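Structural features, examined
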Amino acid sequence: MSPVGVADTADPDADRALVADLLRAVPDFPKPGIRFWDLTTVLADARGLAATTRLLGASLADGAADVVVGIEARGFLLGAAVAQELGLGIVPVRKQGKLPAVAASRSYQLEYGSATLELPANVLAPGARALLIDDVLATGGTAEAACGLVEECGATIASLAVVLELPDLDGRGRLAGRPLHAVLAR
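Below is a summary of the structure that appears in this document. (Residues numbered from 1 in each chain as written. Predicted model: local features only at pLDDT ≥ 70, side-chain atom pairs only at ≥ 80, totals over all residues. Heavy atoms only, no water.)

1. Looking at the packing of aromatic side chains
What characterises a pair of aromatic rings is the spacing of the ring centres plus the angle enclosed by the ring planes. Tallied over the entire structure, the rule returns one aromatic pair. Consider the rings of F29 and F36, whose centres lie 5.3 Å apart with planes at 85 degrees: the pair is edge-to-face. (Phe/Tyr/Trp six-rings, centres within 6.5 Å; stacked < 30°, edge-to-face > 60°.)

Rendered as structure tokens:
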């Protein structure tokens, strides 16, 4: 049963339209020339969150995943909702220095700097099939690093799902051979 005000829909096109309508572009953030795609407006709307959860969860065509992996920070929020929907647990991929025990670490380049991601020790089983969740796929550095962490721990990427793909930045090219599903592209 849906919470009050949240209508279940079996119409992915209607769900995508709702998410697109709620998504907000913020110019010149975090620095001039960068357009930040803000999902807080989607997450704050119960219908938008429900639609996004359904669309991301549907990226697993055959349902073949053992765990959801969410990339800090919006991937945590989205990943937890999708994990709940699919009856799976969630493993966080964190920014450097946030975990007490680290299984693997990867540095990568962003559009406007560099960063390091870490995967917690002893939570991702070798052979596990992971549904990797993030908000936006831009140049692909974050997703590529997160996929590498999962694979370094002996797990596989069953699917990578994002709310928004920016095709002009060709992040998909860095993820060759891994199933990728984007709810929207801009």
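2. Notes on the nonpolar core
One recurring pattern in soluble globular proteins is that nonpolar side chains are buried together. Counting residues in each nonpolar core, the largest one holds 27 residues, and the members touching the most others are V69, L117, L124 and L132. Elements supplying a minimum of two residues to this core: β3 (67-71), β4 (89-95), β5 (102-110), β6 (113-120), β7 (129-137), α5 (141-152) and β8 (156-165). Per-element tally for this core: the top contributor is α5, with six residues. Once residues lying within four places of it in the same chain are set aside, the contact partners of V69 are V91, V93, A130, L131, L132, I133 and V150. In terms of nonpolar packing, the next biggest core, distinct from the first, is built from 26 residues, V19, V68, V136 and L184 among them. (Core = buried A, V, L, I, M, F, W, Y, C linked by side-chain atoms within 4.5 Å. Buried < 20%, exposed > 50% of the residue type's maximum accessible area, 1.4 Å probe, protein only. Helix = DSSP H or I, 4+ residues; strand = E, 2+ residues; numbered from the N terminus. Contact = heavy atoms within 4.5 Å.)

3. Focus on helix α3 (residues 46-57)
A rise of 1.5 Å per residue sets the reference length of α3, with its twelve residues, at 16 Å; its end C-alpha atoms lie 16 Å apart and thus fit the reference within 8%. Most of α3 is tucked away: nine of the twelve residues are buried. Every buried residue of α3 is listed here: G48, A50, A51, T52, T53, R54, L55, L56 and G57. Among the residues of α3, the N-terminal cap falls to D45, whose side-chain oxygen and the backbone nitrogen of R47 are separated by 3.0 Å. (Expected span 1.5 Å × (residues − 1). Polar contact = N/O pair within 3.5 Å; in protein donor to acceptor, adjacent residues only side chain to side chain.)

4. A short note on the pattern of salt bridges
Scanning the entire structure with this criterion turns up eleven salt bridges. In this structure, D15 and R54 form a salt bridge, with 2.9 Å as the shortest nitrogen-oxygen distance. Residue D15 is found in helix α1 (residues 12-22), and its partner R54 is found in helix α3; the two are separated by 39 residues along the sequence. In terms of burial, D15 and R54 fall into one category: buried. Of the charged contacts, one joins R47 and D45 as a salt bridge, the two residues approaching to 4.0 Å between their closest N and O atoms. What makes R47 partly exposed here is its relative accessible area of 41%. (Salt bridge = Lys/Arg side-chain N within 4 Å of Asp/Glu carboxyl O.)

5. A few points about the state of the cysteines
Per the stated rule, a full pass over the model turns up zero disulfides. The closest cysteine sulfur to the non-disulfide-bonded C147 is located on C153, 13 Å from its own sulfur. Residue classification places C147 among the buried positions, given a relative accessible area of 0%. (Disulfide = S-S within 2.5 Å.)

6. Structural notes on the environment of W37
Looking at where W37 falls in the secondary structure, it is placed in strand β2 (residues 35-38). In this structure the C-alpha to C-alpha distance between W37 and Q109, which are 72 residues apart in sequence, comes to 19 Å. In this structure W37 touches L23, R24, A25, V136, L164, L166 and R186, once residues within four positions along its chain are discounted.

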